[in-house]
Amino acid sequence: MSITTTAFLMLGYFGVQYFNKNTMFTLAATVGGGGAISYVLQKPSEQKPPASETAPTIAPMKTQRKAKKS
């Protein structure tokens, strides 16, 4: 486990011991909601390429049919 993971687990464990379960759930919901809101607000919009840099169109491949034996 990394040091950061261990620190967060200790914070959660001792937080419940010092505060109470409902307070820790409220904190977790607040932090999670804030993270979700900031993700949505900072999400970059999809950019369309300029007209001069459009992707080349690919022509369909021509196939040859084999002649049927009679």
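About the criteria used
Residues numbered from 1 in each chain as written. Predicted model: local features only at pLDDT ≥ 70, side-chain atom pairs only at ≥ 80, totals over all residues. Heavy atoms only, no water. Helix = DSSP H or I, 4+ residues; strand = E, 2+ residues; numbered from the N terminus. Buried < 20%, exposed > 50% of the residue type's maximum accessible area, 1.4 Å probe, protein only. Areas by Shrake-Rupley, 256 points an atom, 1.4 Å probe, with all protein chains shown as cover. Expected span 1.5 Å × (residues − 1). Phe/Tyr/Trp six-rings, centres within 6.5 Å; stacked < 30°, edge-to-face > 60°. Patch = residues over 30% accessible without salt bridge, like charges linked within 9 Å, V, L, I, M, F, W, Y side chains within 5 Å. Salt bridge = Lys/Arg side-chain N within 4 Å of Asp/Glu carboxyl O. Polar contact = N/O pair within 3.5 Å; in protein donor to acceptor, adjacent residues only side chain to side chain.

**Q** Help me out: how do you make sense of the overall build of the chain in this one?
**A** Secondary structure summary: the chain contains two helices and zero strands in total. Looking at the chain as a whole, 3% of its 70 residues qualify as buried. Carbon together with sulfur atoms contributes 63% to the accessible area of the chain, which is approximately 7,600 Å² in total.

**Q** Got a minute to help me understand helix H2 (residues 21-42) in this structure?
**A** Every α-helix winds through 3.6 residues per turn, so residues three or four apart in the chain are directed the same way. Its 22 residues place the ends of H2 32 Å apart at the C-alpha level, agreeing with the 32 Å of an ideal helix rising 1.5 Å per residue. Of all 22 residues that make up H2, one are buried, and the element is exposed over most of its length.

**Q** Looking at this structure, how should I read the packing of aromatic side chains?
**A** Aromatic ring pairs are described here by two measures, namely the spacing of the ring centres and the angle between the planes. Taken as a whole, this structure holds two aromatic pairs when the rule is applied. Pairing Tyr13 with Phe14 gives two aromatic rings, centres 5.1 Å apart and planes at 75°, and the pair type is edge-to-face. Assessed through its relative accessible area of 51%, Tyr13 is described here as exposed. On the basis of an interplanar angle of 80° and a centroid distance of 5.0 Å, the ring pair of Tyr18 and Phe19 is categorised as edge-to-face. A residue is classified by how much of its surface remains accessible, and Tyr18, at 69% relative accessible area, is exposed. The class for Phe19 is partly exposed, based on a relative accessible area of 44%.

**Q** Please clarify how a nonpolar patch on the surface should be interpreted in this entry.
**A** On the surface, Met10, Tyr13 and Phe14 cluster together into a nonpolar patch covering about 350 Å² of accessible area. Secondary-structure assignment places Phe14 in helix H1 (residues 3-18). Phe14 sits in the partly exposed class, given a relative accessible area of 49%.

**Q** Sorry, what's going on with the environment of Asn20 here?
**A** You can see Asn20 is positioned in the loop between H1 and H2. Take Asn20: its relative accessible area is 38%, and that puts it in the partly exposed class. Side chain to side chain, Asn20 and Thr23 meet in a polar contact 2.7 Å long.

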